[in-house]
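Descriptive structure summary
Spelled out from the first residue to the last, the chains are:
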Amino acid sequence: MALKTKRKPIEPTTINRARKAKFQADLALAENRAVRRLKEELQLSSNTDFLSDAVALFQWAVSERKLGRRIISESVGGERNVLVFPRLERVAPDTSLPRVQIQWTERELQSLAKLTTAGEANHPTEALIRAMRD
Amino acid sequence: MAIVIRRLEEHDEVKRFDCGDEPLNHYLKLHAWGNQTKSSIGVSYVAVDDLAPRAVIGYFTLAMASVPRGAFPKKHVRGLPPYELPLILLARLAVDRRFAGRGLGHALISEAFRISLRVADEVGCRCIITDAYRERVVWYARYGFVAIEGGAPNGPQRMFLDLRTVRAALER
């Protein structure tokens, strides 16, 4: 759902009042139907309440994934489904990697030592620069 | 087609994955999940199309390793820090044959580089190491990997990429 923010210029007399942002959403017909149905099911009367609840839910999901927790639904019978929502994966931590042992030959270790003790690292290649830009 | 790269999940569809290399297929289908969750041997990241977000079309596996200072030949120890040398192992990288030639390998290795930088920021790491199939050495060299000499002539080619080089690419 694309949300557009309309901002009114702030007049000096309104600066100290609580600011509220207005959202205008361009929804496809199917999305609009989904919103109406959800509002009915959740007994929400206004779009403001709907958006407010949706934001709260999204905020919670983001905070859980940021902590590395997975979001799981569980049926009465114990069957579990993990929520895989691509955008949420952008905030998930990736930094815990397990540790493994690698076997080295003596010549490989010589070569590795030379590469590691090089005063300056090689310049990045075009492909590497592109990889980090993409 | 919008590609998402994320950690392997338990219910991801891996049975149809075929990169043309049986050991790489076999690892994803039989070992990747167990190694990630039970054995803590490697973390696999998978590429999926967001229209079919369970079907794995590419993957790579990362782990951390280190070389004790004492393992280096004595005449090469000078210049090395007085600690173990920490490194990241890019253990596997594969793309399903049906999606070959579409830049998926590039997307996967780009993500592997980004994760490696984040790991290096958090715990410190000097380089990325990979054991490349001989026919893939040129592909890795394009990204700046250089050959580590001294391995078995018929086995995979061990390759090295300094994380300072990766960081420099980020700043370009």
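Right above here is the structure, for reference.
Residues numbered from 1 in each chain as written. Chains lettered and ligands numbered in written order. Predicted model: local features only at pLDDT ≥ 70, side-chain atom pairs only at ≥ 80, totals over all residues.

Examining the overall build of chain B
Tallying secondary structure elements over chain B gives 4 helices and 7 strands in all. The N-to-C order of helical and strand elements in chain B reads β-α-β-β-β-α-β-α-β-β-α. For a compact globule of 172 residues, the expected C-alpha radius of gyration is about 16 Å, and chain B comes in at 17 Å, within 12% of that figure. Taken over the C-alpha atoms alone, chain B extends approximately 55 × 35 × 35 Å along its principal axes. For chain B, buried positions account for 42% of its 172 residues. In chain B, the proportion of contacts linking residues at least 24 apart, taken out of those at least 6 apart, comes to 59%. (Helix = DSSP H or I, 4+ residues; strand = E, 2+ residues; numbered from the N terminus. Rg over C-alpha atoms; globule rule 2.2 N^0.38 Å. Buried ≥ 20, exposed ≤ 12 C-beta atoms within 10 Å, placed from the backbone. Contact = placed C-beta atoms within 7 Å.)

Points about the interface of chain A and chain B
Facing 37 residues of chain A, the contacting portion of chain B comprises 52 residues. Elements that contribute at least two residues to the side of chain A that touches chain B include exactly helix 3 (86–89), helix 4 (106–116) and helix 5 (126–133) of chain A. The dominant element in the side of chain A that touches chain B, judged by the number of residues it contributes, is helix 4 of chain A, at 11 residues.

Observations concerning helix 2 (residues 104–123) of chain B
Given a rise of 1.5 Å per residue, 20 residues ought to cover 28 Å, and the 28 Å separating the end C-alpha atoms of helix 2 of chain B matches this to within 8%. Looking at helix 2 of chain B, one finds that the buried residues are Leu108(B), Ile109(B), Ser110(B), Glu111(B), Ala112(B), Phe113(B), Ile115(B), Ser116(B), Val119(B) and Ala120(B). (Expected span 1.5 Å × (residues − 1).)

A word on helix 1 (residues 22–39) of chain B
All names here are of chain B. End to end, helix 1 covers just 22 Å across 18 residues, shorter than the expected 26 Å (1.5 Å per residue, more than 12% under). The largest bend in helix 1 is about 55°, located at His 31. Looking at helix 1, one finds that the buried residues are Tyr 27, Leu 28, Ala 32, Asn 35 and Gln 36. Phi turns positive one or two residues past the end of helix 1, at Ser 40, with a value near 55°. (Bend = angle between axes of the 7 residues up to and from the residue.)

A word on the environment of Glu135(B)
Residue and element names in this part refer to chain B. Relative to the helices and strands, Glu 135 is located in the loop between strand 5 (127–132) and helix 3 (137–142). Judged by the 8 C-beta atoms lying within 10 Å of it, Glu 135 is exposed. The sequence separation of Glu 135 and Pro 156 amounts to 21 residues, and the corresponding C-alpha distance is 9.2 Å.

Examining the pairing of strand 5 of chain B
Sheet analysis places strand 4 (residues 85–95) of chain B next to strand 5 of chain B, joined by 4 bridges and oriented parallel. Looking at strand 5 of chain B, one finds that Leu89(B) is bridged to Ile129(B). (Pairing = 2+ DSSP bridges.)

Looking at the nonpolar core
All names here are of chain B. Judged by nonpolar contacts, the single largest core of 58 residues is most densely connected at Leu 62, Leu 89 and Leu 90. The element that contributes the greatest number of residues to this core is strand 4, accounting for 9 residues. Leaving out residues up to four positions away in the same chain, Leu 90 has contacts with Phe 60, Leu 62, Ala 112, Ile 128 and Thr 130. (Core = buried A, V, L, I, M, F, W, Y, C linked by C-beta atoms within 7 Å.)

Some points on the packing of helix 5 of chain A against helix 4 (residues 163–171) of chain B
At their nearest, the axes of helix 5 of chain A and helix 4 of chain B sit 8 Å apart, and the two run at 65° to each other. The interaxial crossing formed by helix 5 of chain A with helix 4 of chain B has right-handed handedness. Where helix 5 of chain A approaches helix 4 of chain B, its residues Leu128(A), Ile129(A) and Met132(A) are matched on the opposing element by Thr165(B), Val166(B), Ala169(B) and Leu170(B). (Axes fitted to C-alpha atoms, helices over the stretch in contact; angles between N-to-C directions. Left-handed = near helix turned anticlockwise from the far one by under 90°.)

These figures capture arrangement, not role.
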